[in-house]
Structures are given as structure tokens and as C-alpha cells.
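Residues per chain are reported as follows:
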Amino acid sequence: MPLRGWPVALVVCVSACVTAKDSVGGGDSRIDGDRGREDAVKVEGRACGPEAPGDVVLLDSRTGGPVTCLSVTISREPMSCAPGVECQSEVLFKGFTSPKGQLKLIAPVERSKLTAVADGFAPSTLGNATSVKDRVLELELTPAEGFWMKVLDAEGNYLQDVTVTFKQGAEVIAQLRSNTLANVFFTQRQPFAGQPVTVEAPGYQVLTISSPADLGEDGHTLTLQK
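These numbers come from a predicted model, not from an experiment.

## Overview of the pairing of strand 14 (residues 197–200)
- Of the two faces of strand 14, only the one carrying V197 and V199 is buried; T198 and E200 on the other face are not.
- Alignment of strand 14 against strand 15 (residues 207–209), held across three bridges, turns out to be antiparallel. Bridging from a neighbouring strand, T198 pairs with T208 of strand 15.
- Adjacent in sequence and paired antiparallel, strand 14 and strand 15 are bridged by six residues, among which G203 carries a positive phi angle near 85°.

Rendered as C-alpha cells:
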């Protein structure tokens, strides 16, 4: 399938996560006015944002589905901001996602890094985000706990519904199937303690990884070779 918005981060991871920064320039008051209680709807007792189409949809990287009726803050900073350097950021949204997991930013974005901060999730980013008419940007929210990987082929395409086996020596420590966003998750352990881990997937070469440093710049990208 074609390459999707993997920063990377994703997702994911989304490459993937930075700490949230405070808004600059008084954006909160403007957003609060746009997202007042009178605009909210109720879904099963939860507060939700308006059901009107948005320009960003938040996806749960564990399930691939939209994150509905979630209180979230979205900020942006320029892509030129170097990792580890605190740059000026601007809050573009503060409120609830819609019943479809969508939200509307207060301004279009061009070549910006968007960061989403919400309870239950790690700060999650979408790099090189650019608003396009009639297109909804996808921003994956990664879990606050556990360890995840995004499974890609050599061209950077998502590998969905692929069974990946992780071994330390002869011991199988996990056998996981990638979801619709090509993610796999370790909920209780990080698989890189002690000896190296070998990775096997049908139709692909065996891969050996010794630390998250072997998983791309973001520490979460598992690239399989034919």
C-alpha cells in the first residue's frame, strides 16, 4: 500500500513523540471561544466536539480506529526545529474530538510538526503536516505505557496483518500480528533487555536487533527486507 504519514515519528508513531509545549500568543482564549460548551454534543454521556467534518482525525495506534470524544490539545512548531531544542509553538486546538475522532484546527498548517497531548497517551506527533482541501490528516496517538513498533517494508510501506515472531536465542518471547496501522505492541516488557532479539516474518529475511537504536531514528521503526 502507499506510504502514509509516518514521521516518523507515527505514529506513530509516531519518530514519534515529543514533550508538549505551552502556547504562545494567546491562542487558548480564541480556541475556548470556538469550542464552548454550547457547541458540544453528548455521546453515551461523554462530552464530544461538533460532528462537522474536521481536518485532522486522531487514531488509536493500538486499534487503528478513531479516538472519539477525547479531550486533547494540538500544537504546532516548524519542521526546522531541531530535536532536543525548545522552539516556539502555537496551540491550534484545545477541546474534544468529535464522535468520529475528528477536530478542526484554527488555522491551516504547512510543513509543520503537530503534537497531540491527551490523557492516557504519550505526546504524539505528525511530522511535515500540510493542510490540503478535502483531505483529513491522520495523527496516531501512541500508548503512554508499553513498547510499540511500526512494521514497514524496505520502501517504507505499511505491512498490515503480518505475523512477527520475536526470539531471544531459541526462546520465543512474543508472536504479534501487525494491525491496520502496521503497529505491534509489547504491553508489559521492552524486548531489548539482555541478549539481542531476532525477528522473523513470513516472506522476509530474519532481522537481528540489539536495542531501540536499531529501529530507525525514532526508535520504533521495524523495517523488514525481502
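## Side note on the sheet that holds strand 6 (residues 102–103)
- Spatial strand order, 6-3-9: three strands in an open sheet with mixed pairing. The open sheet is flanked by strand 6 and strand 9 (137–141), the only strands paired with a single partner.
- Pairing of strand 3 (residues 56–60) with strand 6, which is carried by two bridges, proceeds in the antiparallel orientation. By the bridge assignment for strand 6, V56 is matched with L103.

## Quick notes on the pattern of salt bridges
- In the structure shown here, the tally under the stated rule is seven salt bridges.
- K150 is paired through a salt bridge with E140; the nearest N and O atoms lie 2.9 Å apart. With K150 in strand 10 (residues 147–152) and E140 in strand 9, the pair connects residues that are 10 residues apart, well separated along the chain.
- When its relative accessible area of 0% is taken as the criterion, K150 is described as buried.

## Comments concerning the sheet that holds strand 12 (residues 171–177)
- If you trace the four strands from one edge of the open sheet to the other, you get 12-11-14-15, paired in antiparallel fashion. Two strands close off the open sheet at either side, each with one partner strand: strand 12 and strand 15. Taking the axes of each pair of neighbouring strands and ignoring which way they run, one obtains an average angle of 25° across the sheet.
- Examined bridge by bridge, strand 11 (residues 163–168) and strand 12 share six bridges and lie antiparallel to one another. Paired with T163 across the strands is R177, a residue of strand 12.

The rules we used
- The residue count restarts for each chain, going from 1 along the sequence in the order it is written.
- pLDDT decides what is reported in this predicted model: residues at 70 or higher carry local features, side-chain atom pairs at 80 or more are listed and counted, and totals for whole chains, interfaces and linings draw on all residues regardless.
- For the side-chain quantities, the full set of heavy atoms in the structure was used; hydrogens and water were omitted.
- Any residue under 20% of the maximum accessible area for its type is buried, any over 50% is exposed, and the rest in between are partly exposed; the area is computed with a 1.4 Å probe on protein chains only.
- Secondary structure follows DSSP: runs of H or I at least 4 residues long count as helices, runs of E at least 2 residues long count as strands, and numbering of each begins at the N terminus.
- Strands are labelled as partners when DSSP assigns at least two bridges between them.
- What makes a salt bridge here is a side-chain nitrogen of Lys or Arg within 4 Å of a carboxyl oxygen of Asp or Glu, nothing more.
- Only the contacting stretch of a helix is used when fitting its axis, a line to C-alpha atoms as for every element, and angles between N-to-C directions run 0 to 180 degrees.

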